Every structure is written in C-alpha cells, then in structure tokens.
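As a plain string of letters, each chain reads:
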Amino acid sequence: MSPVLEVANLRVDFSGRTAAVRGVSLKVQRGETHCLVGESGCGKSVSALAVMGLLARGAVRDADVLRFQDTDLTRLSERGMARLRGDKMAMIFQEPMTSLNPAYTIGSQMAEVYERHRGAGRRAALDRAAELLGRVGITAPGMRLAQFPHQLSGGLRQRVMIAMALMCDPELLIADEPTTALDVTVQAQILRLLQTLQRELGLSLLLITHDLGIVARMANQVSVMYAGELVESATAEALFAAPTHPYTRGLLACIPIPGTVRRDEPLGSIPGTVPRISPGFAGCGFRDRCTHALPACAQTVALRSAAPGHAYRCVLPAEWT
Amino acid sequence: MLIFVFRRAVLALLVCLTVLVVSFALTRLSGDLAASIAGPNATADDVAIIRKNYGLDRPLTQQFVDWAAAAASGDLGRSYLYHAPVSGLIRVRLPVTLTLGLSGLAIALVVAIPLGILAAMREGSAADRAIMLVALLGQAMPSFWLSLTLIIWFGLNLQWLPISGIESWQGYILPATVLAFSAIPALMRLTRAGMVDALSADYIRTARAKGLSRSKIVLKHALRNAAMPVVSIAAVQLGFMLGGSIVIETVFALPGIGYLAWESISKNDFPVVQAVVMILALLYIGLTLLADLMNAVLDPRLRAS
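Keep in mind that this is a model prediction, so the values were computed, not measured.

### Some thoughts on the domain arrangement of chain A
Residues and elements named next belong to chain A.
(1) Moving on: Split into domains, chain A comes out as domain 1 (5-88 + 171-312) and domain 2 (100-167).
(2) Moving on: Distance between the C-alpha centres of domain 1 and domain 2: 29 Å.
(3) Moving on: Taken together, the contact between domain 1 and domain 2 spans 18 residues of the former and 13 residues of the latter.
(4) Moving on: For the pair domain 1 and domain 2, the two sides together bury roughly 1,300 Å², of which 63% comes from carbon and sulfur.
(5) Moving on: Summed over the shared surface of domain 1 and domain 2, the result is two salt bridges.
(6) Moving on: Here E200 ties to R135 by a salt bridge, and the two come within 2.9 Å at their closest N and O atoms.
(7) Moving on: Inspection of the domain 1/domain 2 interface yields six residue pairs in polar contact (both at pLDDT 80 or more).
(8) Moving on: If you list the elements that add at least two residues to the side of domain 1 that touches domain 2, you get helix 2 (78-84) and helix 7 (184-201).
(9) Moving on: If you tally residues by element for the side of domain 1 that touches domain 2, the top one is helix 7, at eight residues.
(10) Moving on: Looking at the side of domain 1 that touches domain 2 residue by residue, the classes come out as eleven nonpolar, two polar and five charged.

### Examining the interface of chain A and chain B
(1) Moving on: Each partner contributes to the interface: chain A provides 28 residues, whereas chain B provides 23 residues.
(2) Moving on: Of the roughly 2,300 Å² buried between chain A and chain B on both sides combined, carbon and sulfur atoms contribute 50%.
(3) Moving on: When residues of chain A are sorted by the area they lose upon contact with chain B, A:P102, A:Y104 and A:E112 head the list and together hold 25% of the total.
(4) Moving on: Along the contact surface separating chain A from chain B lie three salt bridges.
(5) Moving on: Among the ionic pairs, A:E112 bridges to B:K210, the shortest N-O distance being 2.9 Å.

Rules used throughout
Sequence order sets the numbering: in each chain, residues are counted from 1 along the sequence as written. Whichever chain is written first is A, and whichever ligand is written first is 1; the rest continue in order. Only residues with pLDDT of at least 70 are given local features in this predicted model, and only at 80 or more are side-chain atom pairs given and counted; all residues enter the totals for whole chains, interfaces and linings. In computing side-chain properties, one takes all heavy atoms of the structure into account and sets aside hydrogens as well as water. Boundaries between domains were set according to an automatic or database domain assignment. Between two residues, a contact is recorded if the distance between any of their heavy atoms is within 4.5 Å. Buried area, as used here, totals the accessible surface that two parts lose on assembly, with accessibility defined by a 1.4 Å probe and the loss added over both. The term salt bridge refers to a pairing of a side-chain nitrogen on Lys or Arg with a carboxyl oxygen on Asp or Glu at a separation within 4 Å. Any pair of nitrogen or oxygen atoms within 3.5 Å is treated as a polar contact; in protein, a donor-acceptor pairing is required on top of that, and neighbouring residues in sequence qualify only through side-chain atoms on both sides. Helix and strand definitions here come from DSSP, where helices need a minimum of 4 consecutive H or I residues and strands a minimum of 2 consecutive E residues; each element is numbered from the N-terminal end. Each residue receives one of three labels: charged for Asp, Glu, Lys and Arg, nonpolar for Ala, Val, Leu, Ile, Met, Phe, Trp, Tyr, Cys and Pro, and polar for the others, Gly being one of them.

In structure tokens form, the structure reads like this:
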C-alpha cells in the first residue's frame, strides 16, 4: 500500500544562512502513528511546516519527493496547497493558548474551515463543529461554540484545535508537540484522545515530540532527528530494543526510571546544545557532543542499515558498545 | 458588557465635570475680564459698572454655579463681540467643523488603512519603504504650507476647486484633504505596526493551516486584531481635527468653530471661549467613549474585564 505521506531528501534553508533541515526522508503509512523525535532546534517543526507549506517568509524548501497521497506537493501552487490544508491534511500546534484567534468565537473559527472546503452554510458548519466538539470530549458543545478562546483553559483549547483540524475528515494529521504546553494530567487525556480518534477515523498521524515517553506510548514508526538530519529510523519496538545511533542512545539514557536511578546520582544528560548548521556543513552534526567521535565523522556519513527497516546514520557498526 | 459601558460612561461624566471647572477657571485666570471688555480707554468707574452689570463682582463659586446651571438648560450666555447668543453662534459654526473633520477622517482612513496593510504584507520590501517615506514626508509637512500649495495648484492654476468659502460642497475638498494629510501618517504607521504584529501571530499560522484564502487571513483574522489601536487613534485624530483646525479654517476662510475659538480668545470674548472649550471637550469625551465601545466590540477580552 502506498504511504499517505512520502518525503525524500527534504531540505530547508533560512535566508541562505541556516540549514534547518538537511535531507530528511520519511514515510507515513495509512492509519499509523509516525513519531518525529529530537530535542529543541533540531528541525522537527520546520520539517512539518515545510510539508504543510507553512514556512515563514525567507525559508526555502527543496525536496526530491514530497507526495501526499497521489499529489506531488513540490509542483503545487500556494493556492493548491491552501485547498489541501485543513481539508485532506491538517495540523495542530504546540501553543494552544495563542493558536486560536482571540477576536472570534470558537464556533466561527471552526465553521470557517468547513465553509471553505465543503462549501457548507453557517448552520451546517456549526452543526458539524458541535458534533466534533462532542467527539473530542467537550461537554455542552453548544455553549462552547459561542465562547471566545480566552474563556477556555489550555487543555480545552487544544481539544478545540484538534476538533477544528478534524472538521473535514483529514487523511493526515500533523501534531507538533500537541501536549508540551499542557499539565501532565491533561497531556495524558489529549494523547488518549488522539489514539481513540486515530483508531476510529483511521487517521494517519505524524506526531512531533521530544518526549520519548510519548513515543513509547504512541508510535508505530519512529524517526529521530538531530541538527536537521535524520539520524535513525525504525519501528518503535526495534528502536527501543536496539537503539543504534549514539544520539538515540543518549536520549534514552536521559530518561530516569524509578527504581534504577538512585537519589544521589546525577540525572542523565547529553552535554552541549544543538549547533546551528550553516549551508555547506559536512559530516555528522552530533560529533562535537559525541563521546565516540572519530575523524571519519567530519565527512559525509551515509544512512546504513542496522536491520531490515532499521536505518541509522553513523560510522560505528550496528553492534557497537 | 453592560458593566463595561456603565464604567466608561461614569468615567466620561467625571471628565466632563472636570472640564467644565477648568474651562471656567481658565477664562477667569486670564486677567480682569471687566477691564478687557471695557477696553483700553475706559475709566475706573466704567470698569466698575461693567463688573457689576456682568455679575463679575460676585464670588467665583456663585458665578460658576450660575453659568453651569444656565449651560445645562442650553443658555451659554451672550457674545460681547457678536452681541448674539453663544448657543446660536455654535449652532451655525459646528456643522461646518463637523463636516470638515468627518470628511478629513474619512479620506485619511480610506488612504491610510489599505496602505498600512500593504506595507505590512510586504514588510521590508521596496513598496513598504516607499510608503513609509511618504508617511515621513506627510508628517514633516506643515499644514499651512500644504494648504497654500494646494490652493495654488488646484484653485488658481487648474481652477478645478474653489479656494475659499463653502458655497458648494466642493469647498470642503481642499481643506478636508489637508486635514486628512495630517492624520494619515500616524494612522498608516499604526495600521502597519498592528498588522505586522498580527500577521506573525500563532493564530495566523492556524488560519493558514486551515487553508483559508489570503484575503480572509489578512482582512478577517489579522485586521480585526490590528484595528484596535487604529480605532483609538482615529478618535483622537478626529478630536484634533475638530478642535485644532484653526489654521485650516483660517486659510480657507471656513466659518467653523476653530475660527470662532481663535477670534474669541484674541478678543477675550469669554462666554464664547468657555462654550467652545466645553463643546470641544464634550466632543472629545464622546469620541473617546465611542472608541472604547468600538474596541470592546472588536476584542471580547475587553468586555470581560
């Protein structure tokens, strides 16, 4: 079966100064959850925005393949992209507090998607909005439709964002850190909601997160990014069973596990920060923070196969210790 | 919403009261009114008689209460200069100033808002810089100079428009244009700044992610949020235009309230001065109140507080 979203060698430059994304390739299969993992500033969000055609001005996108279902997104005009966005592909964001327009009611903001893509009237669009608010677990949808964003909590606003994204039954939902700004208990609710919706609607989900706990819970397929590059990709089981790239292993070592971490021991961390990569940078972006770096790391490192369906980008052999 | 309106209205009323006191006090502080009415050649006895006849010998509080009570019933006293009731003078002059101010504001908004939006959408481009340069020039250009230039071009050389008076509506075109010019730079800059802010907001990214058309994103989602400071400043600008059009009314010989104010101040015609200050202050207060209410309509968060 052909993937819902196929990306090959996606590159994004900002005004020719920063290479934010350097050759990312991934496939999102129908009905699966594909997690894009990495720490802040590694290019996850930029990759997602590039797929949606939502990059800010001054950003240049380039890709060998960028296909959504049967549509080649690289050849699509802005107008054509706008017709897909909100209809067949939808996106929700990290900042539920500011992602809704403060000047319009929930109902008006939800209805306009349906009116735009389905040519529906206001009445039909509001009915649909009420139905979806119910679906994402919001009680008294009729009342909520008449409310303004500032009258809702962060968790409720993110539910509204999800409901709004689902107005036109999208094939693909891109969720960019949808729970990062929320309380832990609300996080769990939202994740559970996404799982339920995915099961019921057969939604394909591209979930961006820095939280490996969320990955373990949600992902079928995982892509790990570092400094704009894909450093490892595998099924969730394979990744957690046999993490291969030093960065992936480092990330996993950062998770404190109750019972194995002692009180006086320092928590795991990877020293240093993600470097800013200028165009023309060669070699592994992680080498300055990597304890296993070799001279060969300064040359272009190719993706290698650790096992069928499990790729990693490192000079070390797959079974290094 | 009702509480919001009530609070604003009470505030406006308090400001009104303060203005009444200040406008009354200012005319009394400007010198001996009886002496200036009597003129430079009057004897001390003449001044004393005038002081008694005009009631200027009574305590100030008494004078204020009498004046305020009369003003409340529509009697603003008599002009010493025109020997006519002040309320009549104002009734004739106010419509001229209102017409001038409102047309000036209308022209300003029609020019400033689209240009401000355009500059914001092309932030940093040549078009943006050109628009901002024009705004700068407009701000630097004195209105009397612009008035005279327009009179020479369109009134004398081309003979398209009348250069003075208001025999027909065409008489308003040049003065309203000059007034608009003084308001355009601020309105345009505010529109641009508000739109630049709004266009980079997260909810605009959401609107784009929903696949909305560009015009809907810009004119519905961004402009609504950028409009609030513009509304506030537009109200203040209109207040300026109504009260501060003395130069323009003089240059174009328009019998408006600004010209009346200038005349009565220079001749110390204090009942007119008091009345004009009061009327302009009331207009200002009314405009500010209107702007507050419009902002409450634009931004639901204001209604809640």
